[in-house]
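# Structure assessment
Chain residues, written in single-letter form:
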Amino acid sequence: MKKQQQHEKFMRMAIGLSEKNVLESIGGPFGAVIVREGKVIAKSGNKVVPNNDPTAHAEISAIRLACKKLKTFNLKGCVIYTSCEPCPMCLSAIYWAHLDGIYYANTKTDASNVGFDDQFIYEEFEKSPDKRKVATFQLLQEEAQQAFKLWEQSEMKTDY
């Protein structure tokens, strides 16, 4: 039961951040905590509005802080506690950061019910680029290939 209590402690921290964000008019009702070996590495509320940054969701902000603190882009060995099921952007960032697990409280349906509906993004992912709502055009692919060729030969090449 100790493990369950620990999970609940960290989730309550994430929920507390989400409530603080609203009560103090900081940002949206979302909070996230990143933990490694039972210790908090980073935590953040949603900072979209105060930072004028549409990518400053709680999960992304916590990932940025954790990476900076640990001086790495790979958060293997860490888990994230988030007050709400991650949106498509945050879920992608969690995968890119190689977090080991996700614990969430509210669902994406709960978020949708209060105005945070990401369903259209999931639907856009299923469409070919030429059918998406945001106009998408491919240009200069052959020229752009040079950067990939340079990367393949680079000594600084790092898998991530």
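Up top is the structure these notes are about.
Computed from a predicted model, the values in this text were never measured in an experiment.

## Description of the pairing of strand S4 (residues 101-106)
The sheet contact formed by strand S3 (residues 78-84) and S4 spans five bridges and is parallel. Across the sheet, Cys84 pairs through a bridge with Asn106, a residue of S4. Crossover handedness for the path S3 to helix H4 (residues 88-97) to S4: right-handed.

## So, the environment of Trp96
Here Trp96 is to be found in helix H4. In the structure, Trp96 is positioned 51 residues away from Gly45 in sequence and 20 Å away in space, judged by C-alpha atoms. Residues in contact with Trp96, not counting those within four places in the same chain, are Phe73 and Tyr160.

## Structural notes on the layout of surface pockets
Computed from the structure, the largest pocket encloses a volume of approximately 280 Å³. Along the walls of the largest pocket sit 19 residues, with Phe30, Asn46, His57, Cys87 and Phe116 positioned nearest its centre. Elements that contribute at least two residues to the lining of the largest pocket include exactly helix H2 (48-51), helix H3 (58-70) and helix H5 (108-113). Residues that form the lining of the largest pocket fall into these classes: 11 nonpolar, four polar and four charged.

## Thoughts on the packing of H3 against H4
Relative to each other, H3 and H4 sit at 25 degrees, their axes nearing to 9 Å. By the angle between their axes, H3 is roughly parallel relative to H4. Crossing geometry of H3 relative to H4 is assigned as left-handed. From H3, Glu59, Ile60 and Ile63 reach across to H4, where they touch Met89, Cys90, Ala93, Ile94 and Ala97.

Cut-offs used in this document
- Residues numbered from 1 in each chain as written.
- Predicted model: local features only at pLDDT ≥ 70, side-chain atom pairs only at ≥ 80, totals over all residues.
- Heavy atoms only, no water.
- Pairing = 2+ DSSP bridges.
- Helix = DSSP H or I, 4+ residues; strand = E, 2+ residues; numbered from the N terminus.
- Right-handed = clockwise from strand over helix to strand, strands pointing away.
- Contact = heavy atoms within 4.5 Å.
- 1 Å grid on protein atoms, 1.4 Å probe; cavity = no way out; pocket = protein on both sides within 12 Å on 5 of 7 lines; lining within 4 Å.
- Points joined across faces, edges and corners; volume = space filled by probe spheres on them.
- Nonpolar A, V, L, I, M, F, W, Y, C, P; charged D, E, K, R; others polar.
- Axes fitted to C-alpha atoms, helices over the stretch in contact; angles between N-to-C directions.
- Parallel < 35°, antiparallel > 145°, perpendicular 65-115°, else oblique.
- Left-handed = near helix turned anticlockwise from the far one by under 90°.

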